[in-house]
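Now for the letters of each chain:
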Amino acid sequence: MFITEYFKTIFRSVKSLLTGMRLTGYYFTHPSKTLTQEYPDNRKELKLADRFRGEVVMPHTEANEHRCTGCQACELACPNGTIKIITKQEILPDGKKKKRLDTMIYNLSMCTFCNLCIVACPSDAITMSQDFEHSVLDRSKLRKILNKPDSKLMEGVE
Amino acid sequence: MTLLYSLSGLSYHIQSWLTRLLGNTMAVLVSEMVIVGLCLIGFLVLLSFTLGYMERRVAAFMQLRLGPNRVGPKGTLQIIADTIKLLFKEGLTPTNADKFMFNLAPYIMIITTMLVTAPLAFARNFQIWDLNIGVFYVSAVSSISVIGILMAGWSSNNKYSLLGAMRSGAQIVSYELSIGLSLISIVILTGSLRISDIVMSQQNGWWIFKGHLPALIAFVIFIVASTAEINRAPFDLAEAEQELTAGFHTEYAGMKFAMFLLSEYVNLFIVSALAATLFLGGWMPFHIGSWSGFNHVMDFIPSSLWFMGKTFFVIFIIMWFRWTFPRLRVDQLLNLEWKYLLPISMLNVLLMTLVALLGWHG
Amino acid sequence: MLIEEDYITEEGDFVVNIGPQHPATHGVLHLKVWLDGETIKHIEPHIGYIHRSIEKMSESLSYRQFIYVTSRMDYLSAHINNQACALTVEKAMQIEVPQRAKVIRVLMAELNRLTSHMLWWGCTGLDLGAVSPFFFAFREREIINELMEDTCGARLTMNYMVPGGVMADLHPDFQRKVKEVIAQFKVNIHEYDQLLSDNVIFQERVKGVGYLSKEDAISFGCSGPTARGSGISCDIRKLYPYDGYENLKFDEIIEQGGDCWARYKVRIAEMHQSMSIIDQLIDNIPEGDFQAKTKAVLKLPKGEFYQRVETARGELGVFIVSEGGTTPYRIKYRSPNFSNLSALPTMAKGCKIGDLVAIMSTIDLVIPDVDR
Ligand code: SF4
Ligand code: SF4
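The rules behind each value
- Residues numbered from 1 in each chain as written.
- Chains lettered and ligands numbered in written order.
- Predicted model: local features only at pLDDT ≥ 70, side-chain atom pairs only at ≥ 80, totals over all residues.
- Heavy atoms only, no water.
- Contact = heavy atoms within 4.5 Å.
- Buried area = accessible area lost by both parts, 1.4 Å probe.
- Salt bridge = Lys/Arg side-chain N within 4 Å of Asp/Glu carboxyl O.
- Polar contact = N/O pair within 3.5 Å; in protein donor to acceptor, adjacent residues only side chain to side chain.
- Nonpolar A, V, L, I, M, F, W, Y, C, P; charged D, E, K, R; others polar.
- Near = heavy atom within 4 Å.
- 1 Å grid on protein atoms, 1.4 Å probe; cavity = no way out; pocket = protein on both sides within 12 Å on 5 of 7 lines; lining within 4 Å.
- Points joined across faces, edges and corners; volume = space filled by probe spheres on them.
- Helix = DSSP H or I, 4+ residues; strand = E, 2+ residues; numbered from the N terminus.
- Expected span 1.5 Å × (residues − 1).
- Buried < 20%, exposed > 50% of the residue type's maximum accessible area, 1.4 Å probe, protein only.
- Bend = angle between axes of the 7 residues up to and from the residue.
- Phe/Tyr/Trp six-rings, centres within 6.5 Å; stacked < 30°, edge-to-face > 60°.

1. Topic: the interface of chain B and chain C
Then comes step 1: Facing 25 residues of chain B, the contacting portion of chain C comprises 35 residues.
Then comes step 2: In total, about 2600 Å² of surface goes out of reach between chain B and chain C, with carbon and sulfur atoms giving 62% of it.
Then comes step 3: Three residues, Gln242, Pro326 and Arg329 of chain B, lead the burial of chain B against chain C; their summed loss comes to 25% of the area buried on that side.
Then comes step 4: Linking chain B with chain C are two salt bridges, by the criterion used here.
Then comes step 5: Its salt-bridge partner being Arg167 of chain B, residue Glu38 of chain C comes within 2.4 Å of it at the nearest N-O pair.
Then comes step 6: Along the contact surface separating chain B from chain C lie nine residue pairs in polar contact (both at pLDDT 80 or more).

Structure (structure tokens):
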């Protein structure tokens, strides 16, 4: 009948609304279920995945040695010209001339963190660091030189 | 002792002090008005700070978040920071707006909301103006606020604003009916429109308990309809962020926007206070029949706390609605009123009359 | 798209520009809407605000490089876009992908579909005025994103699928974490129903709104849940299986309603299907290589190659014309959102403004995919 149908509708609707309110009410009374991570207060505990792509870095050993041979594979692999490798000729002790890395320029503002350079590098000279707090006040600071001053190629890396 | 506990004592002392100081009745009246006005403004600003903070926190906890927690202890000063931000913002007026109307609209909103606070009984014998048509006055004056919204929407010269204003017009005009009817159903029981009389009539039990089922239905209808009346979700069609960006106040910025915000919160307070007064006994303490010990303990809690507690309970319910439900569409909104709320509240008034005639409301 | 002359503005028409900056257009879509009161008379989508010429750009990138750009098309199903490109290259070069890589790809794609649908669910709630679902949706999505971060190194634009397989092997914790999150989601998905699906206001808002007939859906080239909501069988995973979908047991969800409610139900049911696919695979990841041996520089043979996949929004087609060099001669993406968007004026005609928002959210538009 029309009247019973009418009241049934009301009853059903109110019930469905109360179900929703019970859910939000439940979470209101259970603040322990809160998901908020209080960055930057939690900087210390903050643990990013070890594969997280924060920025491209070139690890150096304590003796200031890196593994980059200057082969430019990364430069070729990079889809947007973020990396620029400048090489120099070095005269080895035995008198031979050899191509060596002079500067590796990395422009963080252009990097898309696609990981292609890392994959392309034949000697594992570069990796991704987990640092993600990149903001600076001056854009030129985003242009980084990855190899440290006076660094050398590690022995045995060719 | 009385001074500590009752606000009415405080107001009485102020009055006698002023009379001694000034002597002249007219001067006393004027200075009292100024004091009341200033106190009211201060109270309302404080209130809207509290409500703003409460709303954010309630919303956050319902959404698995923490809400404001940086500025001040537990984020309590966040809302003050926001106010300062709004103060420093440029109060922009669109080029093709009707400037006079555009600037007038927020004031109309504020003025109406402040007017409505007059007959509210904040505590025992503590009222700004205990006029004999209190309930009627509230429902009459509060409907002026729709003029403010229409003005804002029309004068902004923005199509979103216009749509929002038109929606709000249709909405408030129709929901006023159910609000009126649910108010009437309590007035039937009390036989008086005076707010203090209504509160006094609940000395031996609140209307929501004494009035049986009809009072409960009237309470629910009142809450739903007044949520619509004050343009809050799920009836916030006049603002409807996802449809009309910000509805009638799209073009407002800075302090003028803050005024709309203020009036929204004060309106929220007013309808909740009204619900508390009519259905939950206003400042009357909670009494259970013949448990005189219990009743005595309850009497010990100041009446202003009772009033505020009940009001904030109703406010919490309205906030709970907002953070749970999706928004209705404009035709569904009117359907809800004309097909459901209005017929039910009409029937409810009949039932209530029956209850009153049979004298069941003791 | 329709051209301006298609609709003659009449005297007294109320024209509202919704977008390009508007809370409900999910990006920079511009809709020119002709209104009669609140009722929509006509809609004209204007696109191109976020056109980045991805297709043209890809012409100068090598076959390893062009994949990462596709993450920026439909960024919510980035994995599936990458997979489509990788598949096309593999098809052209006839690379045999190891079994393990295939399984990893399907797992990632389905997880991606889950996150995409979760976000869609949250946004649907948000668009209809309920803010809370948005945060509830992010609860599990966040865990899955973290999982992606573990294995792929990024949360949204992963660039994990490469020609020949995947870029890196799975993280050792991957299986355990996936099982955990799926178990958790199976419990929590009921909250989705309590909060939105069963809610009477929500049902009123979506039922019978935005009707798209089967014929219209076909003629506009709709795909994905939008078309399946109108009763069209168009799941590429079923019709043209790739990467081992043929060996999996799952249903193609088809609803006959054609309205927003049907599309909503399709997506919710698809989440369940995705979970069942993940359940089937997670314990059966075969051992082996995660990547086939490929040359450092890929060269496609001369010819035209096409591959389609099912993204979270519909059918994505990748068409490569190769001249035999290291870069494509021409690339064309057949993006699902573009076709789905073109059905919007038909769906929204005669609806209210509030309905337009509901319709847009149930088509689940991602504007960068429309413009590319
Ligand atoms: S991560 Fe990608 S964009 Fe960044 S430097 Fe490496 S190859 Fe270039
Ligand atoms: S970083 Fe690696 S790829 Fe790049 S130049 Fe050095 S060795 Fe070659």
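2. Regarding the interface of chain A and chain B
Then comes step 1: With 19 residues of chain A at the interface, the matching set in chain B holds 18 residues.
Then comes step 2: Summing both partners gives a buried area of about 1600 Å² for chain A against chain B, and 71% of it is carried by carbon and sulfur.
Then comes step 3: Among the residues chain A hides against chain B, the three largest losses belong to Tyr6, Met21 and Phe28 of chain A. Together they make up 37% of the total.
Then comes step 4: Summed over the shared surface of chain A and chain B, the number is two salt bridges.
Then comes step 5: The shortest N-O distance in the salt bridge between Asp41 of chain A and Arg70 of chain B comes to 3.6 Å.
Then comes step 6: For the pair chain A and chain B, the number of links is seven residue pairs in polar contact (both at pLDDT 80 or more).
Then comes step 7: Classifying every residue of the side of chain A that touches chain B by side-chain character gives ten nonpolar, six polar and three charged.

3. Side note on the site of ligand 2
Then comes step 1: Near ligand 2, the surroundings consist of 13 residues, among which Cys68, Cys71, Gln72, Cys74 and Cys121 of chain A are the closest.
Then comes step 2: Among the residues making up the shell around ligand 2, the classes are represented as nine nonpolar, four polar and no charged.

4. Brief notes about the site of ligand 1
Then comes step 1: The environment of ligand 1 is made up of 13 residues, and the closest members are Cys78, Cys111, Thr112, Cys114 and Cys117 of chain A.
Then comes step 2: Grouping the constituent residues of the shell around ligand 1 by class yields nine nonpolar, four polar and no charged.

5. Things to note about empty space enclosed by the protein
Residue and element names in this part refer to chain B.
Then comes step 1: Per the stated rule, a full pass over the model turns up four cavities of 30 Å³ or more.
Then comes step 2: Taken as a whole, the largest cavity holds about 320 Å³ of empty space.
Then comes step 3: Lining the largest cavity are 29 residues, with Ser142, Ser145, Glu229, Ile230 and Asn267 positioned closest to its centre.
Then comes step 4: Those elements giving two or more residues to the lining of the largest cavity turn out to be helix H5 (99–116), helix H6 (134–142), helix H7 (145–155), helix H8 (159–190), helix H11 (212–229) and helix H13 (254–279).
Then comes step 5: Sorting elements by how many residues they give to the lining of the largest cavity places H13 first, with nine residues.

6. Quick notes on the side chain of Arg372 of chain C
Residue and element names in this part refer to chain C.
Then comes step 1: By the secondary structure assignment, Arg372 is in the segment after helix H15 (367–371).
Then comes step 2: Among the polar contacts listed, one links the side chain of Arg372 to the backbone oxygen of Asp369, at a separation of 3.4 Å.
Then comes step 3: If near-sequence neighbours (up to four positions away) are discounted, Arg372 is found in contact with Ile50, His51, Arg52, Ser53, Ile54, Glu55, Met73, Lys332, Tyr333, Ser335 and Phe338.

7. Some remarks on helix H11 (residues 260–282) of chain C
Then comes step 1: A rise of 1.5 Å per residue sets the reference length of H11 of chain C, with its 23 residues, at 33 Å; its end C-alpha atoms lie 33 Å apart and thus fit the reference within 8%.
Then comes step 2: Burial within H11 of chain C is extensive, with 17 of its 23 residues counted as buried.

8. Quick notes on the pattern of salt bridges
Then comes step 1: Counted by the stated rule, this structure contains 42 salt bridges over all chains.
Then comes step 2: In this structure, Arg313 of chain C engages Asp74 of chain C in a salt bridge whose closest nitrogen and oxygen atoms are separated by 3.1 Å. Linking Arg313 of chain C in the loop between strand S6 (303–310) and strand S7 (315–322) with Asp74 of chain C in the loop between helix H2 (66–70) and helix H3 (78–93), this pair joins segments that are 239 residues apart in sequence.
Then comes step 3: With a shortest N-O distance of 3.3 Å, Arg105 of chain C and Asp243 of chain C are connected by a salt bridge. You can see Arg105 of chain C sitting in helix H4 (residues 99–127) and its partner Asp243 of chain C sitting in the loop between helix H10 (236–239) and H11, a full 138 residues away along the chain.
Then comes step 4: On the accessibility criterion, Asp243 of chain C (8% relative accessible area) is buried.
Then comes step 5: One network of salt bridges, with partners in common, ties together Glu55, Arg232, Glu264 and Arg322 of chain B.

9. Some details on helix H16 (residues 330–358) of chain B
Then comes step 1: A rise of 1.5 Å per residue sets the reference length of H16 of chain B, with its 29 residues, at 42 Å; its end C-alpha atoms lie 41 Å apart and thus fit the reference within 8%.
Then comes step 2: Residue Leu341 of chain B marks the point of greatest curvature in H16 of chain B, where the axis turns by about 35°; the proline Pro343 of chain B follows within four residues.
Then comes step 3: Restricting attention to buried positions, one finds in H16 of chain B the residues Val330, Gln332, Leu333, Glu337, Leu341, Leu342, Ser345, Asn348, Val349, Met352 and Val355 of chain B.
Then comes step 4: Packed against the buried residues of H16 of chain B are H8 and H11 of chain B together with helix H7 (200–206) of chain C.
Then comes step 5: At the C-terminal side of H16 of chain B, Gly359 of chain B shows a positive phi close to 70°.

10. Remarks on the packing of aromatic side chains
Then comes step 1: Counting across every chain of the model gives 30 aromatic pairs over all chains.
Then comes step 2: On the numbers, 5.1 Å between centres and 10° between planes, the contact of Tyr6 of chain A with Tyr340 of chain B is stacked. Of this pair, Tyr6 of chain A sits in helix H1 (residues 2–29) while Tyr340 of chain B sits in helix H16, on two different chains.
Then comes step 3: Relative accessible area serves as the criterion here: at 25%, Tyr340 of chain B is assigned to the partly exposed category.
Then comes step 4: Between Phe134 of chain C and Phe138 of chain C, the ring centres sit 4.9 Å apart and the planes meet at 55°, which makes this aromatic pair tilted. Taken together, the positions of Phe134 of chain C and Phe138 of chain C, both in helix H5 (residues 132–152) and four residues apart, correspond to about one turn of that helix.
Then comes step 5: According to the relative accessible area criterion, Phe134 of chain C is partly exposed, its value standing at 21%.

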